[in-house]
Amino acid sequence: MLGGKIPSIRVEPLLKLVVDLLEVSSSMKGQEARDCLLGRLFAYGAVARSGRLIEEWNHDKTTPYIKEFTSLLISLASKKRYLQEPAISIILELVEKLPNECLVNQVLEAPGLDEWFKVATQVGNPDALLLALKIREKISVDNVIFAKLLPHPFSPSKFFATDHLSSLVNCLKESTFCQPRVHSVWPVLVNILLPDTVIRDGDVLSGSSSIKKHKKSRKSNSSEEEIVKNVRNFCETIIEESLLMSSHDRKHLALDVLLLLLPKLPASCISIVVSYKIVQCLMDILSTKDSWLYKVAEHFLKQLSDWVKNDDVRRVAVIVALQKHSNGRFDCITRTKTVKDLLAEFKTESGCLLFIQNLISMFLNEGSASEEPSDQSLTTDDNSEMGSNEEKDSVGGAMNNSEILKSWVIESLPSILKYLKLDAEAKYRIQKEILKFLAVQGLFCSSLGNEVTSFELQEKFRWPKAPTSTSLCRVCIEQIQQLLANAQKGEVAHGLASGLEPNDLGSYFMRFLGTLCNIPSVSLFRTLSSEDEKAFKKLQAMETQLLREEKTCGLSTGASRVHALRYLLIQLVLQILLRPEEFSEAASELIICCKKAFVASDNLDSDGEEEEESGGMPVLMDVLVDTLLSLLPQSSAPMRSAIEQVFKYFCDDITDDGLLRMLRVIKKDLQPSRHHQDPASEDHDDDEDDDDFLGIEEDDESDEAETGETRESDEHNDDLETVEESEVVDKELPEGSDDSDGGMDDDAMFRMDSYLARIFKERKSQGGDEPAHQQLILFKLRVLSLLEIYLHQNPDKPQVLTVYSNLAQAFVNPHTAEGSVQLGQRIWGILQKKILKAKEYPKGETLQLSILESLLEKNLKLASKPFKKKKSANNPSKKKQSASLNRYKMITSLGQDSTFWILKIIDSRKFSELELQRVFDVFRSTLAAFFDSKKSNLKAVFLKEIFKRRSWIGYQLLGFLLEKCGNAKSEFRQVEALDFVNEILKSLVSVSKDNNKNSQEVSKKVLKSHLPKLCHLIKELVNKMPEKQSRRAEVRKFCGKVFQIVSTLGLNKSFLKVLEVDAHGVCDSQLGDVFLALKKQR
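Because the structure is a prediction, the values reported are computed rather than measured.

A few words on the overall build of the chain. Scanning the chain from terminus to terminus reveals 57 helices and four strands. In the chain, the proportion of contacts linking residues at least 24 apart, taken out of those at least 6 apart, comes to 77%. Accessible surface for the chain amounts to roughly 49400 Å². Of this, 49% is attributable to carbon and sulfur atoms.

This is the structure in structure tokens:
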């Protein structure tokens, strides 16, 4: 400022000049008056920064100019609200430069200041509070002028007392005028509330490295207690009772102030800051995306998440606060992933254990759940927190708020393991803590009080005061099942005797279960029936014996089998508790299988349920497969995982009967019995051939199918429209297998698998197919998972052919595949990935060529089927037309891919040419249909690929192909078939080049034997050149390639000699230089 540089300019006239030149008169309009006021403000700011006032003080301690200057600024601040904050900032800038004596004698004595302070709490003046706090901080002396704003004597505890804070509410509420900025008074209040020195000590204590210090026995010192009390008073009085209960602007301010607190906030105060009302406010805002404060609340959560990112103590406190005050549904109501993301950030064992301890305390404490949920907290949404929500659909409606929170606790404990990357020992310790809690709360109850001590385990176990509901016990059991299933998947080297028991969570659980069962005052949460109790005890005993057996097996395959069976037994123990009176029979059968497979017969007390050894005794694997199938339908996901593990290790020994039993489930449908069906009501023209593929639906409907097809068939197309009855091969479709259900009524089906029988009974009793149909689809999908495992483990076994043929039947049959898109896609995926495009394929001398020939014929017919629309649908929708066309394309593709696969198997067996005559006959009839029938939809690209991949087929069919090309009725098919001939001839040349001289002679001999037919074809082509230019080009291209191949094999002379004389002239005119070059090479 110029005044600071020129000493001759005095302060007194300068202040007077500012007032005179920038005086606001009554005639001034708004903008002009505002300019004058702002001009005075800038002038006073320049004076304060010039240093002239300090010079005046230094020169004369009694100078009146500081008082006058302060009074002028107070007067200016009182004129307009927008001048208040900048005017006080100028005074504060001057206060920082003036000595304490000047402040007491000059600034505080300024006219108008005393009155300004007195009315501050009434009018709501946050700048007056700011000025009082800053001056009092500078002079460190109490003054009567601050009496309305500051306690006397001043101390943080008195300042943040509830009564005093209540008097400041108006001042602080009015600080919203400067939004979106946060008023300067708030950082000053935060610094007083959370002093740096004390907070630094608190931060050290709250660090993740000091988690062990956070125990209930840890005593807080007096300063920490004072800080906690001050923070509580501040949050309750100012934040919750004042700002949150007011306008949107003040809610915004409340969240901004809380963000100011975070950097200095000790972990012990998190529960105070993230209080019930704050959480409810956040949920109310975030439950509606178009709310005015949505972005503000979203930003607050992001900052809060960032603040706890590297501190486990803070993270635990925030998660507990959010979930406690939302009844475990914060993510669900706010439609965010806040809690889920916070859970995923646990990286240390100590952090996980702290989290587990806090959740257990929340579960056991009766007052943990909020008693005042907002309306929004009762809504539901898919974006809920971690853990399975399958049970919430059936149980959630009946749960009160406390149970919803407890349900979240139960589901969240195992979920933290999902993201942990710890060593096996640390992870095992965390799993044990979670397992103990879930087992105690979910499986047991105490008859003597809420606390029981186990002297064997040297632990105390507690239960909530209110009995745990059955629905929560079910959730606990489900989580135990999932925890054990995940542990089983993650185990490695479990066969080591030294490392087995300490890291075997299943073994630990069974010992823990047995110990608690033996405590007199502890009982299971539900009373078991006699059958269930018997199975429960026998499963425990068998698991103990299998554990001993596993230890003796070492690292052998037997150890893996025993281990898988043990975990299935453990899952069955839990399943009996989860679904009483449903699994006792299956448990008994599984125990028998375990005895026969691994345990001596006298190891368990015989109870008469085992049959005597006899010649009619069923094969062990068949019994095991039946047992696994009976367990599949009603089992939980972890139970199914255990079943799949058992099947994985035992499927190498599965019998053909067991495999066919599984496949029969896939092929079974719930269509009404044909004996009660009106044939006229069914449209047999749509997918009749699909139904007949590989022998499906060939009993009672075969006559109807033939009759239906007679209307549009001709003598050249009978084999395309009606598939002849397939040969029933003992290996593939043995007598008595349920290849087709023709003639079988529902009562006969009761003799099938018990679960299938139950489904049919339900259909009869309910009078509808929909529930039973859905159950059957689900059952089929689960059996498909087992078949997929079998194919993965045994990709080269001959039985793969059996699996393929049955899955193909199921896929083509509309009743079993079209009923469920998911089922059809699953079967298609297994056929493609695990069979047709797998690296391995069936091998072995047991593969019968007759089976392969039959499959080859049927697949070629399937690949050539034309697309037919349903006659029953007059105006089918585009969606249905598209679905029908897509299904047709998939079935055609299946026929093509299957053909390639079967040929690969045939090729690998190295059959003699004589043995392959039936294969050649199949291709001859297929090619004949291709040339002669308009209804054959066989793709030329497909046939060309066959000749390219399997050249031995082309060599045998070359003469037949040349003959059919020469006499073809369809010009289009004739031109397409030229590619087949060309591909076969190319293979002759490549063989002669790649191999020795003998091979060249063989190729030469093969071609020479077919020269007459080849010459006849050339003659026919040039004599009857196609009219279309593109087809003529194809003919010329073909002839040129033939001449080139003939020349390569040195057969020019023979070719020209065989070619008739009259054809030479036509070739000259039609082919020109190409034919001329051939004659010159002669």
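From this point on, the discussion continues.
Right, let's get into the nonpolar core. In terms of nonpolar packing, the biggest core is built from 316 residues, with Phe234, Phe509, Leu807 and Phe1055 touching the most fellow members. Discounting residues that sit within four places of it in the chain, Leu807 has contacts with Leu663, Ile666, Leu784, Leu787, Ile827, Ile830, Leu831 and Ile835.

Let us now look at unusual backbone geometry. The peptide bond linking His152 to Pro153 adopts the cis configuration, its omega dihedral lying at 0°. In this fold, Pro153 is placed in the loop between helix H10 (126–139) and helix H11 (156–159). Here the phi dihedral of Arg335 falls at roughly 55°; this positive angle occurs in a residue that is not glycine. Considering the arrangement of structural elements, one finds Arg335 in the loop between helix H22 (330–334) and helix H23 (338–343). The class of Arg335 is partly exposed, set by a relative accessible area of 42%. Residues other than glycine seldom take positive phi values, yet Lys910 does so here, at roughly 55°.

Turning our attention to the state of the cysteines. Throughout this description, disulfide means a covalent bond between two cysteine sulfur atoms. Tallied over the entire structure, the rule returns zero disulfides. Of the cysteine sulfurs around Cys593, a residue in no disulfide, the closest is that of Cys594, at 6.9 Å. Between Cys1067, a cysteine without a disulfide, and Cys1039, which holds the nearest cysteine sulfur, the sulfur-to-sulfur distance is 6.8 Å.

Glancing now at the packing of aromatic side chains. Enumeration over the complete set of coordinates arrives at 21 aromatic pairs. Here the aromatic rings of Trp186 and Phe234 are separated by 6.3 Å at their centres, their planes lie at 70°, and the arrangement is edge-to-face. Placement of Trp186 in helix H14 (residues 185–193) and of Phe234 in helix H16 (residues 222–243) is noted, with a sequence separation of 48 residues between them. Given a relative accessible area of 0%, Trp186 falls into the buried group. Here Phe461 and Phe512 contribute two aromatic rings whose centre-to-centre distance is 5.6 Å and whose plane-to-plane angle is 85°, an arrangement assigned as edge-to-face. Highlighted residues: Phe461 in strand E3 (residues 459–462) and Phe512 in helix H30 (residues 505–517), separated in sequence by 51 residues.

Relative to each other, helix H2 (residues 11–21) and helix H5 (residues 65–79) sit at 15°, their axes nearing to 11 Å. One finds that H2 runs roughly parallel with respect to H5. For the pair H2 and H5, the crossing hand works out as left-handed. Touching Val11, Glu12, Leu15 and Val19 of H2 are Tyr65, Glu68, Phe69 and Leu72, all from H5. Of the residues belonging to the contact of H2 with H5, the class tally is six nonpolar, no polar and two charged.

On to H2. The complete set of buried residues in H2 reads Val11, Leu15 and Val18. All buried residues of H2 fall inside an arc of 60° around its axis, so they share one side. Turned more than 90 degrees off the buried face of H2, the exposed positions are Lys16 and Leu21. On its buried side, H2 packs onto helix H3 (30–50), helix H4 (52–59) and H5.

So, about the packing of helix H19 (residues 276–286) against helix H20 (residues 294–307). Look at H19 against H20: their axes get within 9 Å of each other, and the N-to-C directions meet at 130°. Considered as vectors, H19 and H20 are oriented oblique to each other. Every pair of crossing elements has a handedness; the one defined by H19 and H20 is left-handed. Seen from H19, the contacting residues are Leu282, Ile285 and Leu286; seen from H20, they are Tyr294, Ala297, Glu298, Phe300 and Leu301. In terms of residue class, the contact of H19 with H20 is made up of seven nonpolar, no polar and one charged.

We now examine the pattern of salt bridges. In total, this model carries 40 salt bridges according to the counting rule given. Arg49 serves as the salt-bridge partner of Glu93, at 3.2 Å between the closest nitrogen and oxygen. Of this pair, Glu93 sits in helix H6 (residues 81–97) while Arg49 sits in helix H3, placing them 44 residues apart in sequence. Taken together, the salt bridges that share partners define one network made up of Lys309, Asp312, Arg315 and Glu345.

Once that is clear, we can look at H30. Between its first and last C-alpha atoms H30 spans 18 Å; for 13 residues at 1.5 Å apiece the expected length is 18 Å, and the two agree. Those residues of H30 that sit buried are Leu505, Gly506, Ser507, Tyr508, Phe509, Met510, Phe512, Leu513, Gly514, Thr515 and Leu516. At the N-terminal end of H30, a side-chain oxygen is found 3.1 Å from the backbone nitrogen of Gly506, two or three residues along, and the residue is Asp504.

A few words on the environment of Gly351. Tracing the chain through its elements places Gly351 in helix H24 (residues 349–364). Remark: the alpha-carbon pair of Gly351 and Asp311, spanning 40 residues in sequence, is separated by 8.6 Å.

Let us look at the pairing of strand E2 (residues 451–454). Burial along E2 is one-sided: Val452 and Ser454 are buried, while Glu451 and Thr453, pointing the other way, are not. Relative to E3, E2 is paired through four bridges, and the arrangement is antiparallel. When the bridges of E3 are listed, Val452 appears paired with Phe461. Counted along the chain from E2 to the antiparallel partner E3, the turn is four residues long, and its residue Gln458 has a positive phi close to 55°.

Moving on to the side chain of Ser933. Here Ser933 lies in the loop between helix H48 (917–932) and helix H49 (940–949). In this structure Ser933 comes out as buried when scored by relative accessible area, which is 6%. Within the structure, Ser933 has its side chain in polar contact with the backbone nitrogen of Lys935 (distance 3.2 Å).

Attention now goes to the environment of Glu425. Within the secondary structure, Glu425 sits in helix H27 (residues 424–443). Looking at Glu425, the relative accessible area reads 38%, which means it is partly exposed. Considered as a pair, Glu425 and Asn503 are 78 residues apart in the sequence and their alpha carbons are 7.3 Å apart.

Along the chain, Thr63 turns up in the loop between H4 and H5. For the pair formed by Thr63 and Leu53, sequence separation is ten residues and the distance between their alpha carbons is 9.1 Å. When neighbours within four sequence positions are excluded, Thr63 is seen to be in contact with Glu56, Trp57 and Gln106. At 3.4 Å, the side chain of Thr63 forms a polar contact with the backbone nitrogen of Tyr65.

Once that is clear, we can look at the confidence of the model for the chain. Per-residue confidence for the chain gives a mean pLDDT of 80, with 80% of residues at or over 70. Per-residue pLDDT stays below 50 along residues 492–501; that stretch engages in 16 contacts with residues further than four places along the chain or on separate chains. A low-confidence stretch, residues 673–692 stays under pLDDT 50, and its non-local contacts, those more than four residues away or across chains, total 53 contacts.

The next point concerns a positive patch on the surface. On the surface, Lys944, Lys948, Lys1037 and Lys1041 cluster together into a positively charged patch. At the level of secondary structure, the elements contributing two or more residues to the positive patch comprise H49 and helix H54 (1029–1048). Assessed through its relative accessible area of 30%, Lys1041 is described here as partly exposed.

Criteria and cut-off values
Residues numbered from 1 in each chain as written. Predicted model: local features only at pLDDT ≥ 70, side-chain atom pairs only at ≥ 80, totals over all residues. Heavy atoms only, no water. Helix = DSSP H or I, 4+ residues; strand = E, 2+ residues; numbered from the N terminus. Contact = heavy atoms within 4.5 Å. Areas by Shrake-Rupley, 256 points an atom, 1.4 Å probe, with all protein chains shown as cover. Core = buried A, V, L, I, M, F, W, Y, C linked by side-chain atoms within 4.5 Å. Buried < 20%, exposed > 50% of the residue type's maximum accessible area, 1.4 Å probe, protein only. Disulfide = S-S within 2.5 Å. Phe/Tyr/Trp six-rings, centres within 6.5 Å; stacked < 30°, edge-to-face > 60°. Axes fitted to C-alpha atoms, helices over the stretch in contact; angles between N-to-C directions. Parallel < 35°, antiparallel > 145°, perpendicular 65-115°, else oblique. Left-handed = near helix turned anticlockwise from the far one by under 90°. Nonpolar A, V, L, I, M, F, W, Y, C, P; charged D, E, K, R; others polar. Arc of directions from axis to C-beta. Salt bridge = Lys/Arg side-chain N within 4 Å of Asp/Glu carboxyl O. Expected span 1.5 Å × (residues − 1). Polar contact = N/O pair within 3.5 Å; in protein donor to acceptor, adjacent residues only side chain to side chain. Pairing = 2+ DSSP bridges. pLDDT = per-residue confidence, 0-100. Patch = residues over 30% accessible without salt bridge, like charges linked within 9 Å, V, L, I, M, F, W, Y side chains within 5 Å. Lys, Arg positive; Asp, Glu negative; His and termini not counted. Charge placed at Lys NZ, Arg CZ, Asp CG, Glu CD.

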